[in-house]
Structures are given as structure tokens and as C-alpha cells.
Amino acid sequence: MWRLPLLVLLALLSESGVAFRTPRTLRTLSRNVVVMSAERQKTSRKERRQIQFESMYAPAEKLEPPGPAEDHPAIDMVYDIVRAVDARKATNPVVYHVEGVTPSNSFMIVCCGNSRPQNQAIATNVCDEVEELHDRIPESKQGTAESGWILLDYGDVIVHVMTPKSRAFYDLEGFWKNGKRIDIEHLLLPNGDGQGQESTPSGSADGGVDFQQMGEDDPFWS
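All of these numbers come straight from a predicted model, not from anything done at the bench.

Participant: I'd like a description of the nonpolar core, backed by residues and values.
Facilitator: A general trend in soluble globular proteins is that nonpolar side chains are found buried together. One finds I81, Y154 and V157 to be the most contacted residues of the largest nonpolar core, which totals 31 residues. For this core, the secondary structure elements donating two or more residues are α4 (75–87), β2 (107–112), α5 (116–134), β4 (149–153) and β5 (157–162). Examining the composition of this core, we find that 8 residues originate from one element, α4, more than from any other. For V157, the contacting residues outside a window of four places in its chain are A74, M77, V78, I81, F107, I109 and L152. In this structure, V94, Y96, V101 and L151 belong to the second largest nonpolar core, which totals 14 residues.

Participant: Go over the pairing of β4 with me, naming the residues and quoting the values.
Facilitator: Counting buried residues along β4, 5 of its 5 residues qualify, which places the element largely inside the surrounding structure. Here β4 shows no split at all, with W149, L151 and D153 on one side and I150 and L152 on the other all buried. In this sheet, β4 lies alongside strand β3 (residues 140–142) in antiparallel orientation, the contact comprising 3 bridges. Counterpart to S140 in the pairing with β4 is D153. Between β3 and β4, which pair antiparallel and follow one another directly, the connecting turn spans 6 residues, one of which, G143, has a positive phi of 80°. Note: β4 against β5, 5 bridges, orientation antiparallel. Of the residues in β5, the one forming a bridge with I150 is V161. Between β4 and β5, which pair antiparallel and follow one another directly, the connecting turn spans 3 residues, one of which, G155, has a positive phi of 85°.

Participant: Account for the packing of aromatic side chains, naming residues and giving values.
Facilitator: Taken as a whole and judged by the stated rule, the model has 2 aromatic pairs. With 4.8 Å between their ring centres and 50° between their planes, W149 and Y170 make a pair best called tilted. One end of the pair, W149, is in strand β4; the other, Y170, is in helix α6 (residues 164–170), and 21 residues separate them in sequence. With respect to class, W149 is no different from Y170; both count as buried. Here F169 and Y170 contribute two aromatic rings whose centre-to-centre distance is 4.9 Å and whose plane-to-plane angle is 90°, an arrangement assigned as edge-to-face. For F169, a relative accessible area of 26% translates into the label partly exposed. Of the residues examined, Y170 reaches a relative accessible area of 6% and is grouped as buried. Three or more aromatic residues joined by ring pairs form one cluster here, namely W149, F169 and Y170.

Parameters at a glance
- Residues numbered from 1 in each chain as written.
- Predicted model: local features only at pLDDT ≥ 70, side-chain atom pairs only at ≥ 80, totals over all residues.
- Heavy atoms only, no water.
- Core = buried A, V, L, I, M, F, W, Y, C linked by side-chain atoms within 4.5 Å.
- Buried < 20%, exposed > 50% of the residue type's maximum accessible area, 1.4 Å probe, protein only.
- Helix = DSSP H or I, 4+ residues; strand = E, 2+ residues; numbered from the N terminus.
- Contact = heavy atoms within 4.5 Å.
- Pairing = 2+ DSSP bridges.
- Phe/Tyr/Trp six-rings, centres within 6.5 Å; stacked < 30°, edge-to-face > 60°.

Take a look at the structure:
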């Protein structure tokens, strides 16, 4: 006698969209989770991160920007950002006009710092200068000085503050090479580190940045 009410209840719940998990279904789901976990373990964290990164970037072909970069409404802010990173001695800043390559933003700025405090100072100075001169704050901020990569998203302008080796690893300039590189030499201080050259502390074994001398244990600081 109890089976009929139970069947009616099951029918009513089924019509209401309630999903049922029988023991067999639960065992199947469990096996699927194990298989997915095994497949995930076959790919290293570094490989998964690279795949995810490539899915976000890598423009396919070169497209001409809709107009000269000098005529873009955000170009003055771009120049002020370059001055802001140079004021905190960022190394090798570059600017790409990528408006004809991606619909998501118009300019990409990449620069390097050689320590956590310096990278934080660069990012902070950019935020302060842009807010003071252009009354704008980042739409989003990603990463920290601890991670070795700080991203400031102003919508039409993206700023990347990186370590030298994280910059080399992710190769943003390579991903955006179809954009147009903007000449910024006239914006840089005469004796600053930003004159298109990477600073090279003494004692570096490979001719690059000596992270041990700076007290940084890991090139990515994470």
C-alpha cells in the first residue's frame, strides 16, 4: 500500500524539476569525478595556466587600428602612466596600440620592477597619478606585488607591472606583436632605467637580475 503514495510523490517531484540521484547514478558520477581528476593530473599546473592564458590572448592576424594612436582620447592618460612608472624607475616600459587587434582594450602598457616594494610603488604611483590627472580609478586590479604580476585595468588601457622573469615567461609583447608599438622615449627621464634597457645588478650569474642579491627567493615571488 505504501508504494502507490511513494510513486505519486516521485511523479510530482519529477514534474517540479527535482533531480534524483539513484545509487547507480551516484556511483557513475563518482567514477566521472575520478576520471576527470586523473585527466587533470596529467596536465601540470604550469601547462594549465599557459593554456588558460593563451585562450585569453594571442590575436590571430594583424589589423590596422581605426585611427592614429595620437588621436585616441586615452593617449594623454597613456603618456601620464608612462611618466608614472618611469618616476618609480620601472625598467623597459613599452606601450602597444592594440585597438585594431582586440575589441577589449586600446592600449597595453608593460613594465618591470626588481622587488616587491618597487612593483608596489609603481602600481600605486600609476593609480595616484591617473586619479589625480584624469579622475579615473582602475575598473579592476588583479595580482599583488607578492605574486610578481600586478594588472591595472582601466578599460581602454591595461597596465602590467611584472618581474623581469615573469615578463619573459608570459611574453605579453609576443602575444600583442600584431599591435603597433608606440614611441615613448621622449617621455622617459634622461637618466632613468626606463631608457629601453633592463637594469642589471652586479653579481648576476646569467647576466640578468640577481634575485638572491635582492633577497627574492623566487623569480615570480609566489
